Amino acid sequence: MSGQQLIKLFDLRSTCTPQTWSPFTWRARFVLNYKKVPYTTEWVAFPDIGEVLSAVGAPPTSQSYPKYSVPAIIDASVDPPVVLSDSAIIADYLEKTYPKPSIYPHGREAQIRWSDAIMENVIRRMPFMVIPTTPKILPERDAEYFVGTRKMLFGVDVKDMVARSPEEEAERWQALEEGLSKLSALTDEIEHGERWLFGTVQGPGYADFVLAAMFIWFRLAGPEGGWERIEDLNGGKWKRHLAHVQEYQEIL
Ligand SMILES: N[C@@H](CCC(=O)N[C@@H](CS)C(=O)NCC(=O)O)C(=O)O
């Protein structure tokens, strides 16, 4: 691999330092960093995603709204350059092009199955807890766009995502805590060594990145004190997990 930065990663800007916050773009960034693939980042404003990505020929990720989404990458080390979008497609491409170290220890199918379990037990239980507070980490124009367009995705206005009563809030937390406990039990069945939940003693698996990416969004953009509530659950497993992925959080 040459030392030149031939891959460009399209990521979302924010008011955080460092800026990266999206649970999907983090997945691509983790893979690039873990494989030590040189790349540069192009920061995109939320309202400009469609215009920027269609201009570079990135494939749409959906027929309906949003037609375009980040992450997307351009790999200019090949002629003609490869332009890809969707975190799962990008992960497969990077695995094929830069096979070592592999992001699929235990096999690709197992990593996908575990990523689906993370989706069911954690990710699906989080959006209404995090979306209402996400504008706090976005520049004004991006925040306005984000709030104005979530209904098209979730069928609910952002203001109506906020829990209507302490009971509803408690139910959401209970559902999330139950999901985390189920996921914790699943990780206990995997032969993964000390450090990684879905990897091996040699290194992490893709599902480790999927989980960490979601936690980072929750910690940065979620409700006040929310991450503090999660990090000590299940014997502190989640807190240790975020500490472990830190070595792959470089922003190039
Ligand atoms: N299936 C896509 C989903 C990516 C996605 O939803 N990205 C969000 C940012 S977190 C996005 O670009 N949304 C565009 C929009 O809402 O206009 C993937 O896995 O990459």
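The name an unreviewed UniProt entry gives the chain is GST N-terminal domain-containing protein, with Rhodofomes roseus as the organism.

Participant: What's the story with the site of the ligand in this structure? I'm lost.
Facilitator: What surrounds the ligand is a group of 13 residues, the closest being Ser 22, Phe 24, Pro 66, Ser 69 and Ser 87. Among the residues making up the shell around the ligand, the classes are represented as seven nonpolar, five polar and one charged.

Participant: I keep staring at the environment of Lys 8 and nothing clicks. Help me out?
Facilitator: Residue placement: Lys 8 occurs in strand E1 (residues 7-12). It is 45 Å that separates the C-alpha atoms of Lys 8 and Ser 165, two residues lying 157 residues apart in sequence.

Participant: Help me understand the domain arrangement of the chain, please; the structure alone is not making it clear to me.
Facilitator: Often the size quoted for an interface is simply the accessible area lost on bringing the parts together. Along its sequence, the chain is organised into domain 1 (7-97) and domain 2 (108-248). Distance between the C-alpha centres of domain 1 and domain 2: 20 Å. Residue-level contacts link 18 residues of domain 1 with 21 residues of domain 2. When residues of the side of domain 1 that touches domain 2 are assigned to their parent elements, the largest contribution, six residues, is made by helix H1 (residues 25-34). For the side of domain 1 that touches domain 2, a count of residues per class yields 12 nonpolar, four polar and two charged.

What counts, and at which threshold
Residues take numbers from 1 onward in each chain, read along the sequence in its written order. Local features in this predicted model are restricted to residues of pLDDT 70 or higher, and side-chain atom pairs are both shown and tallied only at a pLDDT of 80 or more, whereas totals for entire chains, interfaces and linings draw on every residue. Using a C-beta atom placed from the backbone, a residue is described as near a molecule or strand when that atom lies within 6 Å of it. Under the convention adopted here, Pro, Cys and the residues Ala, Val, Leu, Ile, Met, Phe, Trp and Tyr are nonpolar, Asp, Glu, Lys and Arg are charged, and Gly plus all remaining residues are polar. Comment: elements are numbered from the N terminus, with helices defined as DSSP H or I runs of at least four residues and strands as E runs of at least two. Source of the domain bounds: an automatic or database domain assignment. Here, residues touch in the contact sense if the C-beta positions derived from the backbone fall within 7 Å of one another.

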